[in-house]
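Observations on the three-dimensional arrangement
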Amino acid sequence: MTNHSISATKTALPKIAIIGGGLTGLFTATLLERAFNQGQNQQPSRSPHITIFEKSRSVGRLATRYRTNSTTGKNWQWAFGAQFFTAKTAPFQQFIKPWLVTGLLQPWCAQVVTLSPASVTKDENEALLNIEHKEQWNTQQPRYISTPKMTAWGRALADELAHTTIEFQTRVAPLTQYTKHEAGKKTELFDDTGTSLGWFDWVICTAPNAQAVDMMANSGFERQADITTPQMLACYTLMLGWEKGQSLPEALDHQKIDCWDVAYVKDSILDRVFIEHQKPANHELLPSITIHARNDWSQEHVDDDIETVKAKLLAAAQQLLHWNKSSAPSQIDCHRWRYAATVVDGKDSREILGALVDRQHRWIVSGDWCGQGNIESCYQMAQEAVAAIVSY
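My aim in this report is to walk through the structure given alongside it, one point at a time. Everything numeric here is computed off the predicted structure, so don't read it as measured data.

1. Re the side chain of Glu 376
Checked against the element boundaries, Glu 376 lands in helix H8 (residues 375-390). Buried and unpaired, Glu 376 has Lys 88 as its nearest opposite-charge partner, separated by 6.6 Å. Contact partners of Glu 376, with chain neighbours within four places excluded, come to Thr 86, Ala 87, Lys 88, Thr 89 and Phe 92.

2. What to know about the packing of helix H2 (residues 90-102) against helix H3 (residues 151-159)
Put simply, H2 and H3 touch, their axes get as near as 12 Å, and they point 90° apart. Between H2 and H3, the angle is such that the two are roughly perpendicular. Where H2 approaches H3, its residues Phe 92, Phe 95, Ile 96 and Trp 99 are matched on the opposing element by Trp 153, Ala 156 and Leu 157. Its residues assigned to classes, the contact of H2 with H3 shows seven nonpolar, no polar and no charged.

3. Quick notes on the layout of surface pockets
Approximately 260 Å³ is the volume attributed to the second largest pocket. Lining of the second largest pocket is provided by 15 residues; of these, Ile 19, Lys 55, Val 172, Gln 211 and Met 215 occupy positions nearest its centre. For the lining of the second largest pocket, the element with the highest residue contribution is helix H4 (residues 209-216), accounting for three residues.

4. Here we look at the sheet that holds strand S1 (residues 15-19)
Pairing within the open sheet is mixed, and its six strands lie in the order S9-S2-S1-S12-S20-S19. The two strands at the open ends of the sheet, each matched to only one other strand, are strand S9 (164-167) and strand S19 (356-358). When the angles between neighbouring strand axes are averaged without regard to direction, this sheet yields 15°. Strand contacts of H4: S1, strand S12 (202-205) and strand S20 (363-365), with the helix running at about 155° to S20, the strand carrying the most contacts.

5. Quick word on the packing of H2 against H8
Contact pair H2 / H8: the axes reach a minimum separation of 10 Å and the direction vectors enclose 100°. In terms of orientation, H2 and H8 fall into the roughly perpendicular class. Across the interface between the two elements, Pro 91, Phe 92 and Phe 95 of H2 pack against Ile 375, Glu 376, Tyr 379 and Gln 383 of H8. Each residue belonging to the contact of H2 with H8 can be placed in one class, and the counts come to five nonpolar, one polar and one charged.

6. Some words on the packing of aromatic side chains
For any pair of aromatic rings, geometry is given as the distance between the ring centres together with the angle between the planes. Per the stated rule, a full pass over the model turns up 22 aromatic pairs. Ring geometry for Phe 53 and Phe 200: centres 5.9 Å apart, planes at 85°, overall edge-to-face. Here Phe 200 lies in strand S11 (residues 196-200) and Phe 53 lies in strand S2 (residues 49-53), a separation of 147 residues in the sequence. Looking at Phe 200, the relative accessible area reads 2%, which means it is buried. Here Phe 84 and Trp 108 contribute two aromatic rings whose centre-to-centre distance is 6.4 Å and whose plane-to-plane angle is 65°, an arrangement assigned as edge-to-face. One end of the pair, Phe 84, is in the loop between strand S4 (75-78) and H2; the other, Trp 108, is in the loop between strand S5 (105-107) and strand S6 (111-120), and 24 residues separate them in sequence. One exposure class covers both Phe 84 and Trp 108, and it is buried.

7. Considering the pattern of salt bridges
Scanning all chains against the criterion turns up nine salt bridges. Note that Asp 333 and Arg 65 form a salt bridge whose closest N and O atoms lie 2.8 Å from each other. Here Asp 333 is found in strand S17 (residues 331-344), whereas its partner Arg 65 is found in strand S3 (residues 65-68), with 268 residues between them in sequence. Residue classification places Asp 333 among the buried positions, given a relative accessible area of 16%. Of the charged contacts, one joins Lys 310 and Glu 307 as a salt bridge, the two residues approaching to 3.3 Å between their closest N and O atoms. With Lys 310 and Glu 307 both in helix H7 (residues 306-321), this residue pair falls three residues apart, about one helical turn. Judged by its relative accessible area of 48%, Glu 307 falls in the partly exposed class. When salt bridges that share partners are traced, they join Arg 65, Arg 67 and Asp 333 into one network.

8. Considerations on unusual backbone geometry
With glycine set apart, most residues show a phi of negative sign, and most peptide bonds adopt trans. The linkage connecting Thr 147 with the following residue, Pro 148, adopts the cis geometry, with an omega of 0°. Relative to the assigned elements, Pro 148 resides in the loop between strand S8 (144-146) and H3. Non-glycine residue Asn 218 carries a positive phi angle of around 60°. Its location among the elements puts Asn 218 in the loop between H4 and helix H5 (224-227). Accessibility expressed as a relative area gives 68% for Asn 218, which makes it exposed.

Reading guide: rules and limits
Residues numbered from 1 in each chain as written. Predicted model: local features only at pLDDT ≥ 70, side-chain atom pairs only at ≥ 80, totals over all residues. Heavy atoms only, no water. Helix = DSSP H or I, 4+ residues; strand = E, 2+ residues; numbered from the N terminus. Buried < 20%, exposed > 50% of the residue type's maximum accessible area, 1.4 Å probe, protein only. Lys, Arg positive; Asp, Glu negative; His and termini not counted. Salt bridge = Lys/Arg side-chain N within 4 Å of Asp/Glu carboxyl O. Contact = heavy atoms within 4.5 Å. Axes fitted to C-alpha atoms, helices over the stretch in contact; angles between N-to-C directions. Parallel < 35°, antiparallel > 145°, perpendicular 65-115°, else oblique. Nonpolar A, V, L, I, M, F, W, Y, C, P; charged D, E, K, R; others polar. 1 Å grid on protein atoms, 1.4 Å probe; cavity = no way out; pocket = protein on both sides within 12 Å on 5 of 7 lines; lining within 4 Å. Points joined across faces, edges and corners; volume = space filled by probe spheres on them. Pairing = 2+ DSSP bridges. Phe/Tyr/Trp six-rings, centres within 6.5 Å; stacked < 30°, edge-to-face > 60°.

This is the structure we're talking about:
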C-alpha cells in the first residue's frame, strides 16, 4: 500500500465505524490497522478502535454455496458471486502475496471457450454443439481464486484483524442529522431499531451505491449527488450439480470434446459458464456448474418471481449444454444479485469516481462501484479512504 502512517505524537486515536463487511470494508480495516501500527511501532495501546457493522452473518461477500450428498459425503460447490479476480497494480499484487504463499489464493489457468446454443440438423434429430476455443488464462495476467472456497479469503482477512470488532446482523440506520455536525464533532450511529451504536470520529460506508444513497439521505453529506453517478445492474446466477457417476451433458463430456473450464456464451440470455470441480483444489467436488445470466437481461427481470426466472435460465442452459433425461442436473438453484455490475451512463464504467470524502463531517462513502466495480477496486478505494483519514 501507499506509505501512510500515523504520527506517534498524536494523543487521541480515532474511533472508526465501517458500515459493511464486504471486501472493501475488510480491506479498509486491514489497511487502517497497518497504517496506525506503522507510526506507533505496533504498540497495542496506540491501536485504532475500528468497528465493522455487517447486516448479514458473514463477511467478504465472495459468496460460496454448497450441498453435501448424503450417500457419498461429497459436496457440490458453487462460487455464485465473484468467480475470480485480477491484480493488475503493484500495490494490490504486493497486498495479496501472503495468501499466495499460503495457497489460500491460487492462480486459475483456465481453458476458455465460446459456446452458443445448439442447432438441430436437417438430416438428424440431433443438436450440434457450437464450441470454439478462445484462450487459456496464464500466469502473465493471472486470474486468482480463493481456496477451498471463495468465502475463505474474507474469513481469513477478518480473522487477521487485531484491533477491529465485527458486529454481525447489525443494520445501521441512515445518517440523518440526529445531532449537528460541527468541526471536531463525532457522529453517533444508530441501528434500525433506534438503539445507539456509539460515537465515532470517522464513518465509512461501503454499501452498494443504491444502498449508500439511502444511508446518506438527508444527512448533509456533501458528495451526495456523486453517489448516484454510477448505476449497478443485477445478475442472476444458476447453479447446477450432477450425482457421482451420472452421465454429464454433451458439452461437459470430455470423452467427446476437449476439456474446458470457462465459457463465454453467445446468442443467449446466459453470459458465462464456470466449471467449479475443475478449479484448483476443487477436484474432490461432485460435478458443479455455475452460470451467470447477462446483466442487461437480469436487470430487465430483476423483480420477476425467482422460480419463473430459474425456469427460463434452466431452459437456456439445457439448450446450451445439450442434456437429455439421463444427463439432466440433479441439483438446481438460483440466486439474484441486485447490485452486480457497475455502469456509468449506460456503458461499462471506465471512469474512476474515487472514494467520496466529506471532511467536515468526517464521512466517507466507498466501494468497488467507486472504481471499476471489481475486487481490485475494493482495495484501491480502501487505500483512498485510509489516506483521507491519515492526512486529516
